[in-house]
Amino acid sequence: LEINLQHKHDSPVIIQFAVKAIQSVVSIPICLSTNSSETLEAGLKSCKNEVIVNYITHEEARLQKMLPLAAKYKAQIILFLAAVNPVVQVEEAIRLASILVGACNESGITNDRIIIDPGLVHITSLEGQHRIQFFRELFPVLVENFEPAVRTTCWAENASTGLPKKLRPAITGVQLAMLAGVGLSSAFLDVLQSETMRTVRLIKIMNGELIYSNRDAEL
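Below, the structure is looked at part by part. (Residues numbered from 1 in each chain as written. Predicted model: local features only at pLDDT ≥ 70, side-chain atom pairs only at ≥ 80, totals over all residues. Heavy atoms only, no water.)

**Let's talk about the packing of aromatic side chains**
The geometry of two aromatic rings is summed up by the distance between their centres and the angle between their planes.
Okay, so step 1: Per the stated rule, a full pass over the model turns up four aromatic pairs.
Okay, so step 2: Plain terms: the ring middles of Y55 and F80 are 5.0 Å apart, the flat faces sit at 55° to each other, and that makes the pair tilted. With Y55 in strand β3 (residues 51-56) and F80 in strand β4 (residues 76-80), this pair connects stretches of sequence that are 25 residues apart.
Okay, so step 3: Relative to F135, the ring of F134 has its centre 5.7 Å away and its plane inclined at 40°; by these criteria the two rings are tilted.
Okay, so step 4: The exposure class of F134 is buried, given its relative accessible area of 6%. (Phe/Tyr/Trp six-rings, centres within 6.5 Å; stacked < 30°, edge-to-face > 60°. Helix = DSSP H or I, 4+ residues; strand = E, 2+ residues; numbered from the N terminus. Buried < 20%, exposed > 50% of the residue type's maximum accessible area, 1.4 Å probe, protein only.)

Right, dumping it as structure tokens:
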């Protein structure tokens, strides 16, 4: 469950409140998304559950301030490759990923705790459509390039941002199915969107992670 304070209320007090509220009712992993190292540390200190830090980039401030905190609190970590501009070449994406994975390893974060997010863009533009093709080429290489393997993720609903609400679940679902087939191992999703979650269940069935039932195939 993600706590995202990157756009509003990015403060230690708010993240502590959110973490404690969530942990009082569920014991699932928590993902912390913040632009402040002070807020991040406050959240990490409050976490009793497994925790994921979203995100680290090649930006100096995040590498120098947030990466050590993730290592100190033994968090999993998401590496974001498109912090400034979208990466459009597989070779460049692998280069950036290798630099960030190396920095994590030097800080004591092993590959099994690393997740890479190449950065989706809106499919409504020609660039967005090209990016989907780029991801289909990139994800298999990302999986194969590191030993031990790292995991991958994306903000699945980013591709349909700005579109009519009734169209978004279909676009998210098709994209998830495509990328799951080439190495996507997780995604940021609206779990209250029934059509999207049906797609997730069907992907798990096709991957042998769930036993088929009619109920899982229903909305």
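Still more to cover.
**Comments concerning the pairing of β4**
Okay, so step 1: Of all five residues making up β4, five are buried, and the element is well covered by its neighbours.
Okay, so step 2: Across the two faces of β4 the burial is the same, with Q76, I78 and F80 and I77 and L79 all buried.
Okay, so step 3: Inspection of the sheet shows β3 paired to β4 by four bridges, in the parallel sense. By the bridge assignment for β4, I52 is matched with Q76.
Okay, so step 4: Note on the crossover from β3 through helix α3 (residues 60-72) to β4: the handedness is right-handed. (Pairing = 2+ DSSP bridges. Right-handed = clockwise from strand over helix to strand, strands pointing away.)

**Here we look at helix α2 (residues 37-46)**
Okay, so step 1: By the criterion of burial, α2 is predominantly enclosed, with seven of the ten residues buried.
Okay, so step 2: Among the residues of α2, those classed as buried are S37, T39, L40, A42, G43, L44 and S46.
Okay, so step 3: Of the surrounding secondary structure, the elements contacted by the buried residues of α2 are α1 (12-23), β2 (30-33), β3 and α3. (Contact = heavy atoms within 4.5 Å.)

**Side note on the packing of helix α5 (residues 126-145) against helix α6 (residues 168-180)**
Okay, so step 1: At their nearest, the axes of α5 and α6 sit 9 Å apart, and the two run at 30° to each other. Of the possible angle classes, the one that applies to α5 and α6 is roughly parallel. Contact residues: α5 offers I132, F135, R136 and F139, while α6 offers Q175, M178 and L179. (Axes fitted to C-alpha atoms, helices over the stretch in contact; angles between N-to-C directions. Parallel < 35°, antiparallel > 145°, perpendicular 65-115°, else oblique.)

**Things to note about α3**
Okay, so step 1: In this model, α3 (13 residues) spans 18 Å end to end at C-alpha, consistent with the 18 Å of a helix rising 1.5 Å per residue.
Okay, so step 2: By the largest-angle criterion, M66 marks the main kink of α3, which is about 30°, and a proline, P68, follows within four residues.
Okay, so step 3: Residues of α3 that are buried: R62, M66, L67, L69, A70 and A71.
Okay, so step 4: Looking at the buried residues of α3, the elements they touch are α2, β3, β4 and α4 (90-106).
Okay, so step 5: Phi for K74, located one or two positions after α3, is positive at around 55°. (Expected span 1.5 Å × (residues − 1). Bend = angle between axes of the 7 residues up to and from the residue.)

**So, the environment of T196**
Okay, so step 1: Topologically, T196 is positioned in helix α7 (residues 194-206).
Okay, so step 2: Given the relative accessible area of 1%, T196 is considered buried.
Okay, so step 3: Placed 28 residues apart in sequence, T196 and R168 show a C-alpha to C-alpha distance of 9.2 Å.
Okay, so step 4: Beyond its immediate chain neighbours, meaning those up to four positions away, T196 contacts E157, P169, T172, L176 and L189.

**A look at the state of the cysteines**
Okay, so step 1: Under the definition given, this model contains zero disulfides.
Okay, so step 2: The thiol of C47 is unpaired, and the distance to the nearest cysteine sulfur, on C31, comes to 9.9 Å.
Okay, so step 3: The exposure class of C47 is buried, given its relative accessible area of 15%.
Okay, so step 4: Here C104 is not disulfide-linked; the sulfur of C31 is the nearest cysteine sulfur, at 14 Å.
Okay, so step 5: On the basis of relative accessible area, C104 is assigned to the buried category, the value being 1%. (Disulfide = S-S within 2.5 Å.)

Everything listed here is a matter of coordinates, which is why it stays silent on function.
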